[in-house]
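# A look at the structure
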Amino acid sequence: MMDSEFTVAEYLLARLKEIGVDHLFGVPGDFVLGFFNQVLKSEVKYVGTCNELNAAYAADGYARIRGIGAFSSTFWSRRTKRDHGVAGAFAERVPVVVITGSPATTNFRTRPLLHHTLGDYQIP
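Residues numbered from 1 in each chain as written. Predicted model: local features only at pLDDT ≥ 70, side-chain atom pairs only at ≥ 80, totals over all residues. Heavy atoms only, no water.

What follows is about the side chain of Ser73. As for its position among the elements, Ser73 is in strand E3 (residues 69-73). On the basis of relative accessible area, Ser73 is assigned to the buried category, the value being 1%. Each residue touching Ser73, except ones within four places of it in the same chain, is listed here: Val27, Val32, Glu52, Arg82, Ile99, Thr100 and Gly101. (Helix = DSSP H or I, 4+ residues; strand = E, 2+ residues; numbered from the N terminus. Buried < 20%, exposed > 50% of the residue type's maximum accessible area, 1.4 Å probe, protein only. Contact = heavy atoms within 4.5 Å.)

Spelled out as structure tokens, the structure:
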């Protein structure tokens, strides 16, 4: 595959694999399903978790053992749970990559009422 044909998801997964991430923890959701489809085609293995806090803690523990961890979740949903896990890793300088999906760019312009947006796309 030529470099110009890489999608953002493919590039991100290739770079994560290159720096030692063999497992991605996460909770699928509609705004990140395209990314998860790419994960399933990649060399990075997906490990599903019950919620965003579990995904963050799993990535934190993984990073403490492997040097870096990563997890993914959808846009805005249970964001505070995700952020608590990330804050713990950040406070202890544990490298964790967080990947979130979001509504399509066109939705930010046209502002349809979608779930997880609270009716205002700038709040999240």
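Next, the rest of the story.
Bringing unusual backbone geometry into the picture now. With a phi angle near 55°, Arg93 is a residue other than glycine that sits in the positive phi range. One can find Arg93 in the loop between helix H4 (79-91) and strand E4 (96-100). Residue class for Arg93 comes out exposed when judged on its relative accessible area of 78%.

Quick look at the pattern of salt bridges now. Side-chain pairs of opposite charge can arise whenever the charged atoms involved come near each other. Applying the stated rule across the entire model yields five salt bridges. A salt bridge links Asp22 to Lys17; its shortest N-O distance comes to 2.5 Å. In this structure Lys17 comes out as partly exposed when scored by relative accessible area, which is 27%. With its nearest N and O atoms 2.8 Å apart, the salt bridge here joins Arg64 to Glu92. Highlighted residues: Arg64 in helix H3 (residues 52-66) and Glu92 in the loop between H4 and E4, separated in sequence by 28 residues. Arg64 sits in the partly exposed class, given a relative accessible area of 45%. Owing to a relative accessible area of 52%, Glu92 belongs among the exposed residues under this scheme. Each of the salt bridges in this network shares a partner with another, and the network as a whole consists of Lys17, Asp22 and Arg66. (Salt bridge = Lys/Arg side-chain N within 4 Å of Asp/Glu carboxyl O.)

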